Amino acid sequence: MKEPNVIQKKTGDITIRVFGVDENKELHKEISEIANEAMNYFQDTIGPYPHKQLDIILDELGMEYPGVVTAGSIYNRLQKSPEHLKRTVVHEIAHQWFYGVISNDPYHDAWLDEGITTFATLLFYANQGNDTSFDEELFREFTLPVNLPLDKYSSNEQSGYIYGKSSEMLWGVFQENGGELKAEDFLKNYYDHYQYKEVNTQEFVRFLKYYLNLKDDDYFKDWILLENNNENLN
Ligand SMILES: [Zn+2]
């Protein structure tokens with residue numbers, strides 16, 4: 001990067017640096033602020049961030065790496081409103097927990113990190129007082145389960161399943177089982193239990209059923225393909 005605008009801020013013992021490459025210094029500052037809020041929220045809600053630094057580089061498409069996230073500001077500038085850019089940054093920060101510390105197969109179980117990261121991002125915005133009411137109707141025509149291998153989805157529907165329907169349906173489960181506080185506590189327990197391990201869909205459902213004390217798979221039948229009915233797909 002050539003002469004980036006760097007904003008450095010310490011939250012607890014973690015240093016967050018924002019690297020801006022355009023002239024919008026006010027926006028870089030706002031991103032630094034929301035990144036600090038997200039870091040505090042996710043640490044309080046989920047568990048400790050595993051590094052001493054987080055670098056946020058605003059010159060690429062949204063992507064997560066351990067300790068580094070990127071989010072676009074010079075590409076697709078017309079499509080990305082400041083709010084969308086901030087939301088992408090919060091999403092990529094949430095990945096530090098779900099992908100960076102709890103791992104999953106990104107091809108066969110892509111929804112596990114993307115859906116849970118999207119879910120954690122929604123909880124952050126809800127905690128900030130934003131309206132995050134969910135609309136199951138949005139995904140009515142998305143009739144496939146969310147945990148198929150990526151090649152089973154058309155490219156224009158893939159993210160609707162992996163990010164959208166998965167987080168929506170997960171939210172639906174918690175709406176009927178304790179709400180936001182319970183969802184936050186679940187993420188804490190999930191992180192505590194599976195950090196530095198690899199999770200798959202079956203194990204995730206097993207843990208969620210245990211945590212919510214669910215007796216059967218009713219909550220999952222419309223959106224997750226569980227192992228015991230695998231033969232239906234072949
Ligand atoms: Zn993501």
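None of these values were measured; they are calculated from a predicted model.

Engineer: Can you walk me through the coordination of the zinc ion in this structure?
Structural biologist: Tetrahedral coordination by four donors sets the ideal angle at the metal to 109.5 degrees; octahedral coordination by six donors sets it to 90 or 180 degrees. Each protein donor to the zinc ion is listed here as His91 (NE2), His95 (NE2) and Glu114 (OE); together their distances run 2.0 to 2.1 Å. In the primary structure, the donors to the zinc ion are separated according to the pattern H-x3-H-x18-E. One end of the pair, His95, is in the loop between helix H2 (82-94) and helix H3 (110-127); the other, Glu114, is in helix H3, and 19 residues separate them in sequence. Of the two residues, His95 and Glu114, neither departs from the other in class, the shared state being buried.

Engineer: Would you mind showing me how to read the pattern of salt bridges here?
Structural biologist: Under the definition given, this model contains six salt bridges. Between Asp55 and Arg17 there is a salt bridge; the shortest N-O distance is 2.8 Å. Taken together, the positions of Asp55 in strand S3 (residues 53-58) and Arg17 in strand S2 (residues 14-20) put the pair 38 residues apart, joining distant regions of the chain. With a relative accessible area of 23%, Arg17 lands in the partly exposed category. For Lys209, the salt bridge is made with Asp217, and the minimal N-O distance between the two is 2.7 Å. The exposure class assigned to Asp217 is partly exposed, which follows from its relative accessible area of 23%. Each of the salt bridges in this network shares a partner with another, and the network as a whole consists of Glu30, Glu83 and Lys86.

Engineer: Explain the nonpolar core here, please?
Structural biologist: Proteins that are soluble and globular tend to have nonpolar side chains buried together. In this structure, Phe42, Ile56, Tyr190 and Phe204 are the most contacted members of the largest nonpolar core, which totals 71 residues. Sorting the residues of this core by element identifies S2, helix H1 (25-45), S3, H2, H3, helix H4 (158-175), helix H5 (179-194) and helix H6 (201-212) as the ones contributing at least two each. When residues are assigned to domains, this core turns out to be shared by domain 1 (5-94) and domain 2 (110-232), each giving three or more. When neighbours within four sequence positions are excluded, Phe204 is seen to be in contact with Trp111, Leu112, Ile116, Leu170, Phe186, Tyr190 and Val199.

Engineer: Would you take a moment to explain the pairing of strand S1 (residues 5-11) for this structure?
Structural biologist: Here is the key point about a regular strand: its side chains alternate between the two faces of the sheet. As judged from the seven bridges shared by S1 and S2, these two strands associate in the antiparallel manner. Its bridge partner being in S2, Lys9 is matched across the sheet by Ile16.

Engineer: Just checking my understanding: could you explain H6 for this structure?
Structural biologist: Because the α-helix completes a turn every 3.6 residues, residues three or four places apart line up on one side. Over its 12 residues, H6 runs 16 Å from end to end, which matches the ideal 16 Å to within 8%, given 1.5 Å per residue. Where H6 is concerned, the buried positions are Thr201, Phe204, Val205, Phe207, Leu208, Tyr211 and Leu212. The arc that holds every buried residue of H6, seen down its axis, measures 165°, which confines them to one face. Away from its buried face, by an angle of more than 90 degrees, H6 presents the exposed residues Arg206 and Tyr210. Count one or two residues on from H6 and you reach Asn213, which has phi positive near 55°.

Engineer: Even after reading the chapter, I still don't get the domain arrangement of the protein, so can you show me in this structure?
Structural biologist: One frequent convention defines the size of an interface as the accessible area lost when the parts assemble. Along its sequence, the protein is organised into domain 1 (5-94) and domain 2 (110-232). A C-alpha centroid distance of 24 Å is found between domain 1 and domain 2. At the junction of the two partners, domain 1 supplies 17 residues and domain 2 supplies 18 residues. For the pairing of domain 1 and domain 2, the buried interface totals around 1500 Å² over both sides, and the portion due to carbon and sulfur atoms is 58%. Together, Tyr41, Ile46 and His91 form the three largest contributors to the area buried by domain 1 at its contact with domain 2, with a combined 40%. At the junction of domain 1 and domain 2, the tally comes to zero salt bridges. Those elements giving two or more residues to the side of domain 1 that touches domain 2 turn out to be H1 and H2. Looking at the side of domain 1 that touches domain 2, the element that brings in the most residues is H1, giving seven residues. Class assignment for the residues of the side of domain 1 that touches domain 2 results in nine nonpolar, three polar and five charged.

Parameters at a glance
- Residues numbered from 1 in each chain as written.
- Predicted model: local features only at pLDDT ≥ 70, side-chain atom pairs only at ≥ 80, totals over all residues.
- Heavy atoms only, no water.
- Donors = N, O, S within 2.8 Å, 3.2 Å for Na, K, Ca; no water.
- Helix = DSSP H or I, 4+ residues; strand = E, 2+ residues; numbered from the N terminus.
- Buried < 20%, exposed > 50% of the residue type's maximum accessible area, 1.4 Å probe, protein only.
- Salt bridge = Lys/Arg side-chain N within 4 Å of Asp/Glu carboxyl O.
- Core = buried A, V, L, I, M, F, W, Y, C linked by side-chain atoms within 4.5 Å.
- Domains from an automatic or database assignment.
- Contact = heavy atoms within 4.5 Å.
- Pairing = 2+ DSSP bridges.
- Expected span 1.5 Å × (residues − 1).
- Arc of directions from axis to C-beta.
- Buried area = accessible area lost by both parts, 1.4 Å probe.
- Nonpolar A, V, L, I, M, F, W, Y, C, P; charged D, E, K, R; others polar.

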